[in-house]
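Here are the chains, one letter per residue:
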Amino acid sequence: MRASLYAALGAIAATKVAGHSLFQALWVDGVDMADQCVRMPSSNSPVTNVNSADIRCNVGGTRGVSGKCAVKPGSTVTIEMHAQPGDRSCGSEAIGGAHYGPVNVYMSQVPDASTADGSTPWYKIFADSWSAKGSVGDGDNWGTNDLNSCCGKMDVPIPADTPDGDYLLRAEVIALHTASSAGGAQFYVSCYQITVAGGSARAAALPAGVSLPGALKSSDPGIQINIHAKISEYVNPGPDVIASGTTKVAGSGCASGCAKTCSVGSGPVGTAIGAAPKPTSGAGSGAGGEVGCAQSRYQQCGGEGYTGCTTCADGLTCQDVSAPYYSQCA
């Protein structure tokens, strides 16, 4: 009997760990920017304390990276999530383990995206939350279902009236499989550093924002909820999507756009503003990977199947994060 109990508990724990994931790459109008402008979380574990500063950009997310992805107002960025750092394949679910919940995207204008700590106001530009389908919440449509059906990718339009400037773009999944008690919801969050410029539409006044932490409470009805029972309504946590933002219908998948058609290694690849220079022929040698390269803090430098640059910038070393899958400069 005791052995059976231990086996059951072990299976539950394995399911929870199997579902851990992280946002780790970005596309801009179909151009693959990979991880150049993401503040890569140190692991694929979630944030559960909504009163912690980690709720902004994940653990360690107050520290920036060198790269910023250039974005025009009205363009479309495609956020990308996978279970293991550095793994962008479609062979497994982006976030598995019955981790059902909404997908939200926020923006925060900052003086410099590479140094901002996320304490500036945030406003929501995108939501893909919930729609009814099954007899219980587990069987309903969720934003995470759309992520999984699109190889971890989701298209997010940048409002056409966004003022020029630097921003943090915050991608969030709230997994609700253990959310029936306070503190049980799991937040999978990453922040991308972007520079918005070159729009043709007249810029609007910057939307009023909310503070993170502060805008979310563990007792909010969309955070503390039992999705294993029938759900008649779901209140997506945080502020409403701004008027010029986008609300996607959960369960609509990805019929078109980069989320449907973009594939790693088969399209254009971009270079972020301020990113480490591309390798040049004859330029010095590194410790492995590409010649003349240097990865900045939190960028990938090793891992199973990784073929990119393995040299870190001065003062940084390549450290295992999720061996043997992923190593990053720190």
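Now for a look at the structure at hand. As the structure is a prediction and not an experimental result, all values here were calculated from the model. (Residues numbered from 1 in each chain as written. Predicted model: local features only at pLDDT ≥ 70, side-chain atom pairs only at ≥ 80, totals over all residues. Heavy atoms only, no water.)

What follows concerns the environment of R202. For R202, the location among the structural elements is in the loop between β12 (186-196) and β13 (241-248). Overall, the relative accessible area of 78% leaves R202 in the exposed class. (Helix = DSSP H or I, 4+ residues; strand = E, 2+ residues; numbered from the N terminus. Buried < 20%, exposed > 50% of the residue type's maximum accessible area, 1.4 Å probe, protein only.)

If you trace the backbone, P111 turns up in the loop between β6 (103-110) and β7 (123-128). Separated by 54 residues in the primary sequence, P111 and G165 place their C-alpha atoms 7.6 Å from one another.

Attention now goes to the side chain of E80. Structurally, the position occupied by E80 is in strand β5 (residues 76-82). For E80, the side chain forms a polar contact with the side chain of H82, separated by 2.7 Å. Residue contacts for E80: discarding those within four places in its chain leaves L22, F23, Q24, A25, W27, R88, G152, K153, Y192 and V264. (Polar contact = N/O pair within 3.5 Å; in protein donor to acceptor, adjacent residues only side chain to side chain. Contact = heavy atoms within 4.5 Å.)

Here we come to the pattern of salt bridges. The full count for this structure, using the stated rule, is five salt bridges. The partner of K68 in a salt bridge is D112, with the nearest N and O atoms 2.9 Å apart. Taken together, the positions of K68 in the loop between α2 (54-57) and β4 (69-71) and D112 in the loop between β6 and β7 put the pair 44 residues apart, joining distant regions of the chain. Relative accessible area serves as the criterion here: at 15%, K68 is assigned to the buried category. K68 serves as the salt-bridge partner of D166, at 2.7 Å between the closest nitrogen and oxygen. Within this pair, whereas D166 is found in strand β11 (residues 165-175), its partner K68 is found in the loop between α2 and β4, the two being separated by 98 residues in sequence. (Salt bridge = Lys/Arg side-chain N within 4 Å of Asp/Glu carboxyl O.)

This part is about the state of the cysteines. The final tally for this structure, using the stated rule, is seven disulfides. Shown here is the disulfide that connects C90 with C151, its sulfur atoms set 1.9 Å apart. Judged by the torsion about the S-S bond (-90 degrees), the C90/C151 disulfide is left-handed. One end of the pair, C90, is in the loop between β5 and β6; the other, C151, is in the loop between α3 (143-149) and β10 (153-157), and 61 residues separate them in sequence. (Disulfide = S-S within 2.5 Å.)

In this section: the packing of aromatic side chains. We describe a pair of aromatic rings using the distance from one ring centre to the other and the angle between the two ring planes. Inspection of the entire model under this criterion finds one aromatic pair. Between W142 and Y234, the aromatic rings sit 5.1 Å apart at their centres with planes inclined by 80 degrees, giving edge-to-face as the arrangement. In this pair, W142 is assigned in strand β9 (residues 141-142) and Y234 in the loop between β12 and β13, connecting sequence segments 92 residues apart. W142 gets classed as buried once you look at its relative accessible area, which sits at 0%. Here the guanidinium or amino end of R170 rests over the ring plane of Y106, the centre of that ring lying 4.9 Å away. (Phe/Tyr/Trp six-rings, centres within 6.5 Å; stacked < 30°, edge-to-face > 60°. Lys NZ or Arg CZ within 6 Å of the ring centre and 35° of its normal.)

A cis amide bond links L212 to the next residue, P213, at an omega of -5 degrees. Secondary-structure assignment places P213 in the loop between β12 and β13. The phi dihedral of N58 falls on the positive side, at around 80 degrees, and the residue is not glycine. Turning to its location among the elements, N58 is positioned in the loop between α2 and β4. For N58, a relative accessible area of 6% corresponds to the buried category. Positive phi is not limited to glycine here, since C151 has a value of about 55 degrees. Judged by relative accessible area, C151 falls into the buried class, the value being 16%.

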